[in-house]
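Residue-level structure breakdown
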Amino acid sequence: MSKERFGLNKPRLWIVSELFYPEQSSTAAILTEIAESMSLTRDVHVLCGPKGYESVNYTKSDDHLPGITIHRINIFNFNKNIFWKRIVRMIGISMALCLCFLFKARKRENVLIVTNPALLLIFFTWIARLKKSNLSILVHDIFPENSIAAGIISKKTSILYRFLLKIFNRSYRRANRLIAIGSDMAEVLEKKIRKKNKKTVEIIVIPNWSDIDKIKPIPKDDTHLKRWGVENKFVFLFAGNMGRVQGLNKLSEIIDKVKNPLVYFIFLGEGAYKERLKELTKDNLNVMIGESFSRDQQEVFLNSCQVALISLSPNMYGLGVPSKFYNILAAAKPILYIGESGSEIDRYILKYNIGWSFSDYDDELVQFFNNVDERYFDIAFQLGVNARICAENIFSKKKIMKQFDTVL
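Okay, so let's go over this structure. (Residues numbered from 1 in each chain as written. Predicted model: local features only at pLDDT ≥ 70, side-chain atom pairs only at ≥ 80, totals over all residues. Heavy atoms only, no water.)

1. A few points about the nonpolar core
Here is the rule: We define the nonpolar core as a collection of buried residues of types Ala, Val, Leu, Ile, Met, Phe, Trp, Tyr and Cys that are connected through side-chain atoms lying within 4.5 Å of one another. Only protein chains enter the accessibility calculation, which uses a 1.4 Å probe. A residue is then buried if its area is under 20% of the maximum for its type, exposed if over 50%, and partly exposed in between. Working rule for contacts: check all heavy atoms of both residues, and any pair within 4.5 Å makes them a contact.
Counting residues in each nonpolar core, the largest one holds 105 residues, and the members touching the most others are Ile-34, Phe-124, Tyr-172, Leu-178, Phe-325 and Phe-404. If sequence neighbours within four positions are ignored, Tyr-172 has contacts with Thr-115, Leu-121, Val-139, Asp-141, Ile-142, Phe-143, Leu-178, Leu-189, Lys-192, Ile-193 and Val-201. Listed in part, the 31 residues of the second largest apolar core include Val-258, Leu-309, Ile-338 and Tyr-361.

2. Details of helix α1 (residues 26-38)
Rules: Each helix is a run of DSSP H or I of at least 4 residues and each strand a run of E of at least 2, with the numbering of both proceeding from the N terminus. Take the number of residues in a helix, subtract one, and multiply by 1.5 Å to get its expected span.
An ideal rise of 1.5 Å per residue puts 18 Å on 13 residues; α1 measures up with 18 Å between its terminal C-alpha atoms. In terms of burial, α1 is a largely internal element, 10 of the 13 residues being buried. Inspection of α1 places Thr-27, Ala-28, Ala-29, Ile-30, Leu-31, Thr-32, Glu-33, Ile-34, Ala-35 and Met-38 among the buried residues, and these make up the whole buried set.

3. A few points about the sheet that holds strand β15 (residues 355-358)
As a reminder of what qualifies: Any two strands with at least two DSSP-identified bridges between them are counted as paired. Orientation is described by axes fitted as lines to C-alpha atoms, over the contacting stretch for helices, and by angles from 0 to 180 degrees between their N-to-C directions.
On the basis of which strands lie adjacent, the open sheet formed by 6 strands has the order β12-β11-β10-β13-β14-β15 and parallel pairing. Only two strands of the sheet have a single partner each, and these edge strands are β12 (287-290) and β15. Put simply, the sheet's adjacent strands are angled 20° from each other on average, direction ignored. Pairing of strand β14 (residues 335-338) with β15 involves 4 bridges; the strand directions are parallel. When the sheet's bridge partners are listed, Ile-338 is paired in β15 with Phe-358. On the sheet, helix α8 (residues 274-281) packs against β11 (263-268) and β12 and is oriented at approximately 155° with respect to β12.

4. Section: unusual backbone geometry
The omega torsion across Asn-116 and Pro-117 is 5°, close enough to zero to call that bond cis. Structurally, Pro-117 is set in the loop between β4 (110-114) and α3 (118-130). Backbone torsion omega between Phe-143 and Pro-144 reads -5°, so that peptide bond is classified as cis. Relative to the assigned elements, Pro-144 resides in the loop between β5 (134-139) and α4 (145-149). Positive phi, normally seen in glycine, also occurs at Asn-353, with a value near 55°.

5. A few points about the pattern of salt bridges
The cut-off we apply is this: One side-chain nitrogen of Lys or Arg within 4 Å of one carboxyl oxygen of Asp or Glu is enough to make a salt bridge.
Within this structure, the stated rule accounts for 16 salt bridges. With a shortest N-O distance of 3.0 Å, Arg-347 and Glu-187 are connected by a salt bridge. Of the two residues, Arg-347 sits in helix α11 (residues 344-352) while Glu-187 sits in helix α6 (residues 183-193), which places them 160 residues apart along the sequence. Taking relative accessible area as the criterion, Arg-347 reaches 29% and is therefore assigned partly exposed. Looking at Glu-187, the relative accessible area reads 35%, which means it is partly exposed.

6. As for the side chain of Ser-343
Here Ser-343 lies in the loop between β14 and α11. Take Ser-343: its relative accessible area is 4%, and that puts it in the buried class. Not counting residues within four places of it along the chain, the set of residues in contact with Ser-343 comprises Asp-184, Tyr-317 and Tyr-337.

7. Regarding the sheet that holds strand β6 (residues 177-180)
If you walk across this open sheet you meet the 7 strands as β3-β2-β1-β4-β5-β6-β9, and the pairing is parallel. With partners counted over all chains shown, the strands left at the sheet margins are β3 (68-72) and β9 (202-205), one partner each. Going from strand to strand, the sheet's axes swing by 20° on average, the running direction of each strand aside. Two strands pair when backbone bridges link them, and strand β2 (residues 43-48) and β3 are joined in this way by 5 bridges, in the parallel orientation. In the sheet register, His-45 faces β3, and the bridge partner there is Thr-69. Here α1 sits on the sheet in contact with β1 (12-17), β2, β3, β4 and β5, set at roughly 175° to β1. Packing against the sheet, helix α14 (residues 397-407) makes contact with β5, β6 and β9, and its axis sits at approximately 175° to β6.

Next comes the structure, spelled out in structure tokens:
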């Protein structure tokens, strides 16, 4: 057997993430596809946490991926939905991944980590320095700034926030490079890592990709619109995490003011705010709240609307780009975005004419929903055509993976 088959002539790349195949979360899917692509030219080793993080979408049990060596930490597999168990899990898995890398990796090897869980970022940057690793951090979340947007920490002037800011800023500075998923995020990172007016780390922007081969526009009759009894409605679909930073509290207040019988809202997913959203919209006949769906069902569900909704809380500028954005484009659906002006999705909507963007949950948004009429079916279709073109030309997987290949 040849050396090439075992990767003996390939440079080694370590990928470290709590979540990895066969998990179905966006983080797991993204890291898995990066690993598969990089394994064509590299000896890829993956350090990851235990299986079963999201049991609802857990469909595969095989640990084998061709060309990839998976080192799995099968401890601290506690229920993430119970707060104290989630904390213990986060601390335990972060430390275990670091120790495993310390003993398994050789010096001066390339390593890619992701910013989840947050403690992994703090612990691992010390280990990477000890091993003299060439460390790249794929930034999906920015800490501790996102704790303000989520309402976990109330004030930037608090002692806790300032302490965490100092710790995390130092951690980001210890990397060789930071890979931001948006230009607005790159702006925030640049401010974080500057020390005495000198930028200490390379910052590169590589967005996520649209799965244009698996997700395509499909005929209306092949969607769930008829099953839901809304085939004649103009449907706005919110699909994904219903968490603290999605601004669903304010969005529910807006929806309550919409009196347009043509407009219908569908929310699919799970998250900390789901039960509260159910309570706020229980008397609204133009709202449906359903369960989450697996990644292999995305094509049907993302096509089950006229417009996709993406909303973010105030103060989320540069702190993340919802991963669903890219596959919404692949499904040829326009986007109604509610978030800060100048943020990444707002820029794309304006540049490529793929939807509507609002910077606030105010009367202007209510007026938009109330003004929707039959003409908007054709308008949404044309904007959806633009969205698909954007997915194919700007966010194709082949193009994005080529960028990762160059950077890593």
